[in-house]
Amino acid sequence: MAEKKKPAAKAKAPKLADPVASSIDKGTQEMIARAQKLGIDTVFDRAAQMKPCNIGIQGICCKNCAMGPCRLPLPKGGIEGKDTRKGLCGATANTIAARNFIRMIAGGAAAHSDHGRCVAEVFLSAARKETDAYKIKDVNKLLQIAPFLGVETTVEEDGEVKDRDIDEIALETAEAAVNEWGKAEGELLFAKRAPAPLYEKWKKTGVIPRNIDREIVEIMHRTHMGVDQDYKNLIKQGTRASIADGWGGSMLATDLQDVLFGTPYPLQAEANLGVMKEDHVNIIVHGHEPVLSEMIVAMAQKPELIEYAKSKGAKGIQLGGICCTANEIFQRHGVPQAGTYLQQEMAIITGACDAMVVDIQCIFQNVANVAECFHTKLITTHPIAKMEQDSVIHIEFDEHHALEDAEKIVRIAIDNFENRGADVMIPQYKASSIGGFSVESVQYHLGGTFRGTYYTLNDNIINGRIRGIAGVVGCNNARTRHNEAHIQVVKELIKNDVIVLTTGCNGIACAMEGLLTPESAAVHCGPGLAEVCETVGIPPVLHCGSCVDNSRLLLAATEVVKAGGLGNDICDLPLAGSAPEWMSEKAISIGHYFVVSGVYTVFGLHLPTSGAPVFHDYLSKAVEKLYGGMWDLEADPIKHAQMMIAHIDKKRQALGIDKARERVLMDMADRQALEG
Ligand code: BF8
């Protein structure tokens, strides 16, 4: 008799994320719950279902050759005595962690710098007058950067100094800029924009980049099996490549974007998913390069296309940004920020996203799967960033026919409006925000038109109203509650009179929380910072743009050094950096160029170096001796902010300005007013 088959075991339902534990944002919580009801998985559910690799997290898994992967987990009780761990080839934990770490720098520097290269090439096309879509919008910025690239802006004729033709300057500047990626000799020209003592430190340690591409390529060579096997020498190359990013590729991206699209000055917008409108065609622009989004912004305002949208039953066209594209179009046009990195799937789950247009970086492949559950058209636009799913439309964007491409994309979105289901649910949460704080506009607000320097900012730091400056930047990470650490770190800093400069997804998180408004100063700041914000009319958190715009923070710090009274170098300033919810290789590159530019930099979550304690230690103590900045790590947001404040106080003490601050702290009337 045939054996009776056992009934198949009922498949276990996959574990789902708890919406409230996943995000501090109510709109995001609503969308997570909605997705779960509809049976659509999101990054939050996937994080609940898949644990991160415990060995990879420590940075000591080597898969650089086929004898491995070799894994050298740190023993539970740590290492006693000599660390004898080694891979098949003999690579130590330090070698493996350092190789992995600088490969992350290479990935991050490549991403920022390739973005910069694309902008430089578009600028070259504009300078050659090969495109009608892109023109030089900010001549002053061009004149400001041209000398750093070795381009004269004046000419002497018959003993008289005259302005050179702007088209000639543009062309020479564009050619010099493009050359920075691959020139055969010399050094990165923007390195000299750093304060002289910092430049000298780099020179002395031999880390001035030769050109941008070479430093990234050399990382790939050095970390190939059997090449560089000294963690100190490996991180030295990581330093060189990260400088090539911060003071090179990213800085060129920022500067040339300002030349082409305008240097940001403060303007107002709104942030969070609630900026989407049920009765409008909603286009979400997601990614990084403003080369694409600028054209979409132009097309979405074109009367003919607005009329076309109306002919399809919509009241108009609503644009919204996700990730750094959001920051780019917010800071130059006041286009609302629809959300941070972890909200990209959520924007589609509203059911009201008629098209999501993406270019490069930080784009989940799963947005294609989510889009398939709704009417949303997902459009990829960049030749280096396509998706395998058949539902994805690819419209290759090219500066030579950029306006036509943008119009085609906007028309696809409009045509798709009538395909919406009845299942639209836009979370009704949004906050007002003010952005557009470039180095120049901070100078205007905090330096004054007459002084034209950062003098007033320095003055307020010296007199203690402002305790110090913090750069809080970076991503979201689904391994921690969305936006919680961002907001707690920033609130703790401003409560303690530390002014915050923000970029990237931290900037969007702060916008969603209402921290980018001058009014928030009275609610959240210590008395000194609140007074400055009220007097000058600025928010306590200054939105400085996207992740490539971290170069603005380097230049702002340089301006503070130049204004005087706070030391001679960036490492002398009461300044600290932070990335509370980092996740990308770009964050590691940014973190490292902050550190080697002299900034004490704290990351949240973990660092992929913990499995190699000697190397991990080297990144703090030894690196600090070389450059004045160091890496630090703290997952708890309040402790994280307190570590930054302690560093700021240490620097105030070294500058001899700690006494002035004590006087401000003694002002009880201010304290009571704040508490009231
Ligand atoms: O470059 S902060 S999640 S969007 S990597 Fe990405 Fe991180 Fe956001 Fe911009 Ni930056």
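Residues numbered from 1 in each chain as written. Predicted model: local features only at pLDDT ≥ 70, side-chain atom pairs only at ≥ 80, totals over all residues. Heavy atoms only, no water.

Asks: So what exactly am I meant to see when it comes to the overall build of the chain here?
Replies: Within the chain one finds 27 helices and 18 strands. Whereas a compact globule of 676 residues would reach a radius of gyration of roughly 26 Å, the chain reaches 25 Å, a difference of no more than 12%. Principal axes of the C-alpha set define a box for the chain whose edges measure 95 × 70 × 65 Å. Within the chain, contacts between residues separated by at least 24 positions form 76% of all contacts whose residues are at least 6 apart in sequence. Carbon together with sulfur atoms contributes 52% to the accessible area of the chain, which is approximately 26,800 Å² in total. On the chain, the mean spot of the 71 positive side-chain charges and the mean spot of the 85 negative ones are 8 Å from each other. (Helix = DSSP H or I, 4+ residues; strand = E, 2+ residues; numbered from the N terminus. Rg over C-alpha atoms; globule rule 2.2 N^0.38 Å. Contact = heavy atoms within 4.5 Å. Areas by Shrake-Rupley, 256 points an atom, 1.4 Å probe, with all protein chains shown as cover. Lys, Arg positive; Asp, Glu negative; His and termini not counted. Charge placed at Lys NZ, Arg CZ, Asp CG, Glu CD.)

Asks: Would you take a moment to explain the environment of lysine 203 for this structure?
Replies: Topologically, lysine 203 is positioned in helix 7 (residues 196–205). Among all residues touching lysine 203, those that are not within four sequence positions of it are Glu187 and Ile208.

Asks: Help me out: how do you make sense of the packing of helix 9 (residues 231–261) against helix 23 (residues 585–595) in this one?
Replies: A packed helix pair is summarised by two numbers, namely the angle formed by the two axes and the spacing between the axes. It is at 8 Å that the axes of helix 9 and helix 23 come closest, and there the two elements cross at 95 degrees. With respect to their mutual orientation, helix 9 and helix 23 come out roughly perpendicular. Two secondary-structure elements touch here, helix 9 through Ile235, Gly238, Thr239, Ser242, Ile243, Asp245 and Gly246 and helix 23 through Ser589, His592 and Tyr593. Looking at the contact of helix 9 with helix 23 residue by residue, the class counts come to three nonpolar, six polar and one charged. (Axes fitted to C-alpha atoms, helices over the stretch in contact; angles between N-to-C directions. Parallel < 35°, antiparallel > 145°, perpendicular 65-115°, else oblique. Nonpolar A, V, L, I, M, F, W, Y, C, P; charged D, E, K, R; others polar.)

Asks: Sorry, what's going on with the nonpolar core here?
Replies: Nonpolar side chains in soluble globular proteins tend to end up buried together. Counting residues in each nonpolar core, the largest one holds 175 residues, and the members touching the most others are Tyr134, Trp202, Trp247, Ile296, Leu493, Ile588 and Phe615. Looking at which element gives the most residues to this core, the answer is helix 4 (residues 93–127), with 17 residues. Look past the residues within four positions of tryptophan 202 in its chain and what remains in contact with it is Ala191, Ala194, Val207, Ile208, Ile243, Trp247, Val596, Ser597 and Tyr627. Phe44, Ala352, Val358 and Val370 belong to the second-largest nonpolar core, a separate cluster that totals 37 residues. (Core = buried A, V, L, I, M, F, W, Y, C linked by side-chain atoms within 4.5 Å. Buried < 20%, exposed > 50% of the residue type's maximum accessible area, 1.4 Å probe, protein only.)

Asks: Please clarify how helix 9 should be interpreted in this entry.
Replies: It helps to recall that an α-helix has 3.6 residues per turn; residues three or four apart then point in one direction. A rise of 1.5 Å per residue sets the reference length of helix 9, with its 31 residues, at 45 Å; its end C-alpha atoms lie 42 Å apart and thus fit the reference within 8%. At aspartate 245, helix 9 is bent by approximately 40 degrees, the largest bend along its length. Its side-chain oxygen 3.0 Å from the backbone nitrogen of lysine 232, aspartate 230 forms the N-cap of helix 9. One or two steps after helix 9, the chain reaches glycine 262, where phi turns positive at roughly 105 degrees. (Expected span 1.5 Å × (residues − 1). Bend = angle between axes of the 7 residues up to and from the residue. Polar contact = N/O pair within 3.5 Å; in protein donor to acceptor, adjacent residues only side chain to side chain.)

Asks: What should I look at first to understand the pairing of strand 4 (residues 160–163) in this one?
Replies: If a strand is regular, its side chains alternate between the two faces of the sheet. The pairing of strand 3 (residues 154–157) with strand 4 spans four bridges and is antiparallel. Along strand 4, the bridge assignment pairs threonine 154 with aspartate 163. The hairpin formed by strand 3 and strand 4 contains two residues between the paired strands, and aspartate 158 there has a positive phi angle of roughly 50 degrees. (Pairing = 2+ DSSP bridges.)

Asks: Just to check I follow, could you spell out the pattern of salt bridges for this structure?
Replies: Once the charged atoms of two side chains with opposite charge are near each other, the side chains can pair. Going through the model one piece at a time under the given rule, you end up with 44 salt bridges. For glutamate 180, the salt bridge identified is with lysine 183, shortest N-O distance 2.7 Å. On the accessibility criterion, lysine 183 (12% relative accessible area) is buried. A salt bridge links aspartate 279 to lysine 315, with the nearest nitrogen and oxygen atoms 3.4 Å apart. Of this pair, aspartate 279 sits in the loop between strand 5 (267–271) and strand 6 (281–286) while lysine 315 sits in the loop between helix 11 (303–311) and strand 7 (317–322), and the two are 36 residues apart along the sequence. (Salt bridge = Lys/Arg side-chain N within 4 Å of Asp/Glu carboxyl O.)

Asks: How should the coordination of the nickel atom of the ligand be read in this particular structure?
Replies: In an ideal octahedron of six donors the angles at the metal are 90 or 180 degrees, and in an ideal tetrahedron of four donors they are 109.5 degrees. Among all protein atoms, only Cys547 (SG) binds the nickel atom of the ligand, sitting 2.2 Å from it. Here the nickel atom of the ligand binds four donor atoms, and the angle range of 91 to 159 degrees at the metal identifies the geometry as irregular. Position of cysteine 547 relative to the elements: it lies in the loop between strand 15 (541–543) and helix 22 (550–563). (Donors = N, O, S within 2.8 Å, 3.2 Å for Na, K, Ca; no water. Tetrahedral: all angles 85-135°; square planar, octahedral: opposite > 155°, others 65-115°.)

Asks: Got a minute to help me understand the pairing of strand 17 (residues 600–603) in this structure?
Replies: Burial of the side chains of strand 17 extends over both faces: Tyr600 and Val602 are buried on one face and Thr601 and Phe603 on the other. Two elements, strand 16 (residues 575–579) and strand 17, share four bridges in a ladder whose sense is parallel. In the strand pairing of strand 17, alanine 576 is matched with tyrosine 600. The parallel pair strand 16 and strand 17, bridged by helix 23, forms a crossover whose chirality is right-handed. (Right-handed = clockwise from strand over helix to strand, strands pointing away.)

Asks: Help me out: how do you make sense of the environment of glycine 246 in this one?
Replies: With respect to the helices and strands, glycine 246 occurs in helix 9. For glycine 246, a relative accessible area of 0% puts it in the buried group. Sequence separation of glycine 246 and tyrosine 593 is 347 residues, and the distance between their C-alpha atoms is 6.0 Å. Residues contacting glycine 246, with those up to four places away along its chain left out, are Met251, Ser551, Leu554 and Tyr593.

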